[in-house]
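These are the residues of each chain, in order.
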Amino acid sequence: MFSKQEAQQLKKEFWTAFGKSFPRKWILYDTKVKDFSFKFNADNKKAEVSLDIEMKDEIFRNAYYEKIWSLEDILKDFIGDFQKEEYFTLENGKIIAKIWVEKHNVSIFNKNTWQEIFEFFVEKMDGFEKFYYEYEDFIKDV
């Protein structure tokens, strides 16, 4: 087990190593759609790449989710099997729509799995980005 400070330091090292290993500008929050973003996440059990649709207005949030959902088979071609939830509850209680892919049995606290996580991140985020760029006009037309 790590102390809180050790865990924070290891997380910092992880993200720094990822950035150095794969120096690239990702879309992430720069989708030109407010509260529509791509995210990387890693913890002590898994790694995740997601599309988070976080609009407070449920009608808009659901409209964007339905746009993505209408392209389900195409998205699967870009990123493989994925999970989706129209009403995903974050730890803070906020409801968002979320589409994501996970890799299990890896840990941000195990340096031996970092390369595996990095490669997963690059492969899946690259797929999400290619999908988004290909269908950006359709997705934004809400």
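Residues numbered from 1 in each chain as written. Predicted model: local features only at pLDDT ≥ 70, side-chain atom pairs only at ≥ 80, totals over all residues. Heavy atoms only, no water.

## Examining the pattern of salt bridges
Okay, so step 1: Tallied over the entire structure, the rule returns 15 salt bridges.
Okay, so step 2: In this structure, the salt-bridge partner of Asp30 is Lys32, at a minimum N-O distance of 2.7 Å.
Okay, so step 3: Through salt bridges with shared partners, one network takes in Arg24, Asp126, Glu129 and Lys130. (Salt bridge = Lys/Arg side-chain N within 4 Å of Asp/Glu carboxyl O.)

## Here's the deal with the packing of aromatic side chains
Okay, so step 1: Counted according to the given criterion, the structure contains 24 aromatic pairs.
Okay, so step 2: Ring centres 4.8 Å apart and planes at 90° place the aromatic pair Phe14 and Trp15 in the edge-to-face group.
Okay, so step 3: When its relative accessible area of 0% is taken as the criterion, Phe14 is described as buried.
Okay, so step 4: On the basis of relative accessible area, Trp15 is assigned to the partly exposed category, the value being 32%.
Okay, so step 5: Taken together, a centroid distance of 6.4 Å and an interplanar angle of 55° make the contact between Tyr132 and Tyr133 tilted.
Okay, so step 6: The exposure class of Tyr132 is buried, given its relative accessible area of 2%.
Okay, so step 7: Taking the relative accessible area as the measure of exposure, Tyr133 reaches 53% and is therefore exposed.
Okay, so step 8: Connected via pairs of aromatic rings, a cluster forms that spans Phe14, Trp15, Phe18, Phe22, Trp26, Phe40, Trp114, Phe118, Phe120 and Phe121. (Phe/Tyr/Trp six-rings, centres within 6.5 Å; stacked < 30°, edge-to-face > 60°. Buried < 20%, exposed > 50% of the residue type's maximum accessible area, 1.4 Å probe, protein only.)

## Quick word on the sheet that holds strand 1 (residues 36–42)
Okay, so step 1: Taken together, the four strands give an open sheet; going across it, the order is 1-2-4-3, and neighbouring strands pair in antiparallel fashion. Pairing within the sheet leaves two strands with one partner each, and these edge strands are strand 1 and strand 3 (83–89). For this sheet the average axis-to-axis angle between neighbouring strands, irrespective of direction, equals 25°.
Okay, so step 2: Two strands pair when backbone bridges link them, and strand 2 (residues 46–53) and strand 4 (residues 95–104) are joined in this way by eight bridges, in the antiparallel orientation. Paired with Ile53 across the two strands is Ala97, which belongs to strand 4.
Okay, so step 3: Strands strand 1, strand 2 and strand 4 of the sheet are contacted by helix 4 (residues 114–140), whose axis makes an angle of about 15° with strand 2. (Pairing = 2+ DSSP bridges. Helix = DSSP H or I, 4+ residues; strand = E, 2+ residues; numbered from the N terminus. Axes fitted to C-alpha atoms, helices over the stretch in contact; angles between N-to-C directions. Contact = heavy atoms within 4.5 Å.)

## Section: the environment of Ala7
Okay, so step 1: Position of Ala7 among the secondary structure elements: in helix 1 (residues 4–21).
Okay, so step 2: A sequence separation of 40 residues divides Ala7 from Ala47, and the C-alpha atoms of the two residues are 16 Å apart.
Okay, so step 3: Discounting chain neighbours no more than four positions away, the residues touching Ala7 are Phe2 and Phe109.

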